[in-house]
Amino acid sequence: MGKMRTQSAPWRAAAVLASVLLVGGVAACGNSDTGGGGTKDDGKITMGFSQVGAESGWRTANTISIKEAATAAGIELKFDDAQQKQENQIKAIRNYIQQKVDVIAFSPVVESGWDTVLKEAKDANIPVILTDRSVDSADKSLYKTFLGSDFVKEGKLAGEWLVEQKKTASGPVNIVELQGSTGAAPANDRKKGFAEAIAANPNLKVIASQTGDFTRAGGKQVMEQFLKANPKIDVLFAHNDDMGLGALEAITAAGKVPGKDITIITIDAVKDGMQALADGKFNFIAECSPLLGPQLMDLAKKVKAGEEVPARIETQETTFTTEQAKEALPNRKY
Ligand code: AHR
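Cut-offs applied
- Residues numbered from 1 in each chain as written.
- Predicted model: local features only at pLDDT ≥ 70, side-chain atom pairs only at ≥ 80, totals over all residues.
- Heavy atoms only, no water.
- Phe/Tyr/Trp six-rings, centres within 6.5 Å; stacked < 30°, edge-to-face > 60°.
- Helix = DSSP H or I, 4+ residues; strand = E, 2+ residues; numbered from the N terminus.
- Buried < 20%, exposed > 50% of the residue type's maximum accessible area, 1.4 Å probe, protein only.
- Lys NZ or Arg CZ within 6 Å of the ring centre and 35° of its normal.
- Right-handed = clockwise from strand over helix to strand, strands pointing away.
- Pairing = 2+ DSSP bridges.
- Axes fitted to C-alpha atoms, helices over the stretch in contact; angles between N-to-C directions.
- Expected span 1.5 Å × (residues − 1).
- Arc of directions from axis to C-beta.
- Contact = heavy atoms within 4.5 Å.
- 1 Å grid on protein atoms, 1.4 Å probe; cavity = no way out; pocket = protein on both sides within 12 Å on 5 of 7 lines; lining within 4 Å.
- Points joined across faces, edges and corners; volume = space filled by probe spheres on them.
- Nonpolar A, V, L, I, M, F, W, Y, C, P; charged D, E, K, R; others polar.
- Domains from an automatic or database assignment.
- pLDDT = per-residue confidence, 0-100.

**Topic: the packing of aromatic side chains**
Aromatic ring pairs are reported here in terms of the distance separating the ring centres and the angle at which the planes meet.
Now for step 1: A complete count under the given rule lists four aromatic pairs for this structure.
Now for step 2: When the ring of W161 is compared with that of F284, the centres are 4.8 Å apart and the planes differ by 10 degrees; the resulting orientation is stacked. Residue W161 is located in helix α6 (residues 151-165), and its partner F284 is located in strand β10 (residues 284-287); the two are separated by 123 residues in the primary sequence. Residue W161 shares its accessibility class with F284, and that shared class is buried.
Now for step 3: Across the ring face of F79, the terminal group of K67 is positioned such that the distance to the ring centre comes to 4.4 Å.

Quick look at the structure:
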């Protein structure tokens, strides 16, 4: 006891330093539970974002939305374009883990094969937000939330419109389908939703279905093949506007009138698609909104603060006919 009371000055200083380090260590452990693997404490959130690529007008609008929203929210954004390759996305995510960003967000190019890298992020205590597209991981604890569209619903809306249009058809209606990138959630889900809806009328038959990789060039090239191989095509269902726009060139070059000889249904409703719809070259579009940036930044702030967020946040969307496209076009932002 006496010894303790008479501790020398250097010993007292060492004891104070030890207790400061101990308290600091406990506090650091506590903070790490609130999400965010970052070590800096300047209050600024750093987000590492891995984008699919720049394959479509939709993607360009989505990238702009994310970059603008990050600036507006005061979030430091590290952005990587994966050029439609999963290996590039995995590399980017690993870089973000090494850099100890606060939040990782990404739009997965394909649905499968993410468990290992998502587990690495979880082990590093960095929360992950999925945006636009989801993954098929059974372990839902690998990500905090998924913000994006219901792609099955979009395919269904496209198919239901066609069922209604063709309800008096007495013979077969031949449909060709331009699928999105192989293995991507919107390609899988839109195909599924459309098939479910057109099953209501046995006259409606998908006679050819192939990927156009969500690009204009892909849409044009595959449509050329469809036209060569199939003398009677009544309907084109394209999983996005860009492939539909590429297909327009192939259809015109084949001497057919798009929107009349071939009914064209697409998904997205970007400006160029809406223009084609207003001009009568497309016949119907199911909307898919790319303006996810502001909601994503909000979620990042909540997740970083350790707040609970819903596991699924669905984007609100609509559909457009030619008349509706004419009305909406002047105010269309993307
Ligand atoms: O994931 C959204 C889809 O990806 C859009 O419909 C398409 O245009 C984009 O490339």
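**Remarks on the pairing of strand β4 (residues 128-131)**
Now for step 1: Here β4 shows no split at all, with V128 and L130 on one side and I129 and T131 on the other all buried.
Now for step 2: In the classification by handedness, the crossover that spans strand β3 (residues 103-106), the intervening helix α5 (residues 115-123) and the parallel β4 is right-handed.
Now for step 3: In the sheet, β4 pairs with strand β5 (residues 145-148) via three bridges, with the strands oriented parallel. From the neighbouring strand, I129 faces β5, where its bridge partner is T145.

**Observations regarding the sheet that holds strand β2 (residues 76-81)**
Now for step 1: Here six strands make up an open sheet; going across it, the order is β2-β1-β3-β4-β5-β11 and the pairing parallel. Each edge of the sheet is formed by a strand with only one pairing partner; in this case those strands are β2 and β11 (312-314). Pairwise comparison of adjacent strand axes, ignoring direction, gives a mean angle of 20 degrees for this sheet.
Now for step 2: Note that β5 and β11 share three bridges and pair parallel. Among the inter-strand pairings, L147 is bridged to a residue of β11, identified as I313.

**A look at helix α4 (residues 86-98)**
Think of an α-helix as 3.6 residues a turn; residues three or four steps apart then line up on the same face.
Now for step 1: Relative to the 18 Å expected for 13 residues at 1.5 Å per residue, α4 spans 19 Å between its end C-alpha atoms, a close match to the ideal helical length.
Now for step 2: Along α4, the residues classified as buried are Q89, I90, A92, I93, Y96 and I97. Here the buried residues of α4 occupy an arc of 160 degrees about the axis, which is enough to place them on one side. Turned more than 90 degrees off the buried face of α4, the exposed positions are E87, K91 and Q98.
Now for step 3: Close packing links the buried residues of α4 with β1 (46-51), β2, β3 and α5.
Now for step 4: Just downstream of α4 lies K100, where phi reads positive at about 55 degrees.

**Section: the environment of I45**
Now for step 1: By the element assignment, I45 lies in the loop between α2 (9-33) and β1.
Now for step 2: Given the relative accessible area of 9%, I45 is considered buried.
Now for step 3: Taking C-alpha positions, I45 is 6.0 Å from D102, a pair spaced 57 residues apart along the chain.
Now for step 4: Not counting residues up to four positions away in its chain, the partners in contact with I45 are I75, E76, D102, V103, A300, K301 and K304.

**Concerning the side chain of T263**
Now for step 1: Along the chain, T263 falls in strand β9 (residues 263-268).
Now for step 2: Leave out the neighbours within four places in its chain, and T263 touches W161, K166, D234, V235, L236 and N283.

**Focus: empty space enclosed by the protein**
Sizing a probe to match a water molecule and rolling it over the atoms shows the empty space that remains.
Now for step 1: In the structure shown here, the tally under the stated rule is one cavity of 30 Å³ or more.
Now for step 2: In this model, the largest cavity occupies a volume close to 90 Å³.
Now for step 3: Around the largest cavity, the lining comprises 13 residues; the ones closest to its centre are W58, R59, R133, R190 and F214.
Now for step 4: Looking at the lining of the largest cavity, the elements that each hand over two or more residues are α3 (57-73) and α7 (185-198).
Now for step 5: Split into classes, the residues belonging to the lining of the largest cavity amount to five nonpolar, two polar and six charged.
Now for step 6: Looking at which domains feed residues into the lining of the largest cavity, each of domain 1 (46-149 + 290-317) and domain 2 (151-288) gives three or more.

**Structural notes on the confidence of the model for the chain**
Now for step 1: Of all residues in the chain, 88% attain a pLDDT of 70 or more, and the chain-wide mean is 90.
Now for step 2: Per-residue pLDDT, averaged within each element of the chain, yields its smallest value for helix α1 (residues 2-5) (32) and its largest for strand β8 (residues 235-238) (99).
Now for step 3: Segment residues 1-39: pLDDT under 50, and 26 contacts once partners within four positions in sequence are set aside and those in other chains are kept.

**Focus: the sheet that holds β8**
Adjacent strands of a sheet form backbone hydrogen bonds with each other and so pair up, either parallel or antiparallel.
Now for step 1: Taking strand neighbours across the sheet as the criterion, the six strands line up as β7-β6-β8-β9-β10-β12 in an open arrangement whose pairing is mixed. Every other strand in the sheet has two partners, leaving β7 (204-211) and β12 (319-320) as the edge strands with one partner each.
Now for step 2: Pairing analysis gives four bridges linking β9 to β10, with the strands arranged parallel. In the sheet register, I267 faces β10, and the bridge partner there is A286.
Now for step 3: Lying on the sheet, helix α10 (residues 271-278) is in contact with β10 and β12; it crosses β10 at an angle near 150 degrees.

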